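# Commentary on secondary and tertiary structure
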Amino acid sequence: MSFINHKYGRETGDKSIAYLADIIRENCNKGTYKVRLHDANLMVICFGTPLDYLEKLADKIKNCAKNFDEIEETLEVQYAVNGVSEKTRDFIVAVENAENGMRSRKLMDRSSAHSSLLDSFQQMLQETDTCTEMHVFRTNEMGEKLGRKLGLSDVELSHLSLLCLLHDIGKLGIPIEILNKPGKLTNEEWKVMRSHAEKGYRIAKASKELEVIADLILHHHESWDGSGYPDGQKKDEIPFLSRIIAVVDSYDAMTNDRPYRKALSAEEACMELKKMCR
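Here's a quick rundown of the structure. Every value quoted in this text rests on a predicted model; they were computed, and no experiment measured them. (Residues numbered from 1 in each chain as written. Predicted model: local features only at pLDDT ≥ 70, side-chain atom pairs only at ≥ 80, totals over all residues. Heavy atoms only, no water.)

## Notes on the pattern of salt bridges
Stated formally: Each salt bridge in this description consists of a side-chain nitrogen of Lys or Arg and a carboxyl oxygen of Asp or Glu lying within 4 Å of one another. For each residue, the accessible area found with a 1.4 Å probe, counting protein chains only, is set against the maximum for its type, and the residue is called buried under 20%, exposed over 50%, and partly exposed in between.
All chains considered together, the criterion is met by 12 salt bridges. The partner of E189 in a salt bridge is K181, with the nearest N and O atoms 2.7 Å apart. The exposure class of K181 is partly exposed, given its relative accessible area of 24%. Within this structure, K7, E72 and E73 form a network of salt bridges that share partners.

Encoded structure:
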């Protein structure tokens, strides 16, 4: 919206919101509530509707909105879907989680002004760690596939994608000579390297956009048997998304060459992962 308002004026910006609202009215069933929130955020409340149906509906609305002819660019809409059930009755928490999920998607949308923060962090990571760029690309791709296989919600998938991109953000605080050391690390160097989980937590916690994944970053090196760091959490104590990124991160590390060892085969890596979960 800031881009549209700046380039075309606020009147065009208001028209784009009205245009989106009309599309929502046309596509949503009777009995749904439509609410204008702060800024350009719109909320639709549906009762007794399966989440998978709502995700398809939101995607349809997103695609329809692209045809706004008042601007030269494509009108991009970001959304997140969340639900309230018998187990999760707190409506306010559900709305907050959906908003956090939408914020995560905005960060990853290259056409959004919000993505500049993410671009900056990724660029800095690539400059400090020679293995980062392709590792991030692979973990993001595998993370999405695994997340969908596990049936993660729309909001969880959004957070997982952001986590895949920034789980190693704490490495910005690790000396380059340790990050890119060709041989094995000394005990003291390994202690410094392990601190990247806590450093990443502090970086994410200081940002409103990244705060939602701060705890997930902190615990992405915990182990199922409690031997991980920084808190020695084990089994279900470890946040679910942290467990997913730990599996994806470990698999990618094992199946790609590192300065100090050759890559394992996919079969060997899977065997190692199974050992870790005993």
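Still more to cover.
## Observations regarding the environment of V81
Let me state the cut-off plainly: Counting from the N terminus, the helices are DSSP H or I runs at least four residues long and the strands are E runs at least two residues long. The contact criterion used throughout is that any non-hydrogen atoms of two residues lie within 4.5 Å.
Relative to the helices and strands, V81 is located in the loop between α3 (51–65) and α4 (91–108). Separated by 26 residues in sequence, V81 and E55 place their C-alpha atoms 6.3 Å apart. Among all residues touching V81, those that are not within four sequence positions of it are L51, L54, E55, A58, D154 and V155.

## A short note on helix α2 (residues 10–27)
For the α-helix, the turn length of 3.6 residues means that residues three or four positions removed from each other point alike. Here is the rule: Multiplying 1.5 Å by the helix residue count minus one yields the expected span of that helix.
When the terminal C-alpha atoms of α2 are compared, their 26 Å separation across 18 residues agrees well with the 26 Å that a helix rising 1.5 Å per residue should span. Residues of α2 that are buried: T12, G13, S16, I17, L20, A21, I23, I24 and N27. Looking at the buried positions of α2, the neighbouring elements they touch are α1 (2–8), β1 (33–36), β2 (42–45) and α3.

## Topic: the nonpolar core
Rule in force here: The definition of a nonpolar core used throughout is a set of buried Ala, Val, Leu, Ile, Met, Phe, Trp, Tyr and Cys residues joined through side-chain atoms within 4.5 Å.
One finds L160, L162, L163, L166, L210 and L241 to be the most contacted residues of the largest nonpolar core, which totals 23 residues. At the level of elements, α5 (115–128), α7 (154–166), α11 (214–218) and α12 (240–254) are the ones that each hand at least two residues to this core. For this core, the element with the most residues is α7, which contributes seven residues. With residues near it in sequence (within four places) discarded, L241 still touches L152, E156, H159, L160, L163 and L216.

## Some thoughts on a negative patch on the surface
The cut-off we apply is this: Every patch collects residues that have over 30% relative accessible area and no salt bridge, joining them within 9 Å if they carry like charges and within 5 Å if they are nonpolar side chains (Val, Leu, Ile, Met, Phe, Trp, Tyr). The accessible surface values rely on the Shrake-Rupley method and a 1.4 Å probe; as for residues, cover is taken only from the protein chains in view. His is not counted, nor are the chain ends; Lys and Arg add positive charge and Asp and Glu add negative charge. Note that the charge is assigned to NZ on lysines, CZ on arginines, CG on aspartates and CD on glutamates.
Together, E11, D14, D69 and E70 make up a negatively charged patch on the protein surface. Tracing the chain through its elements places D14 in helix α2.

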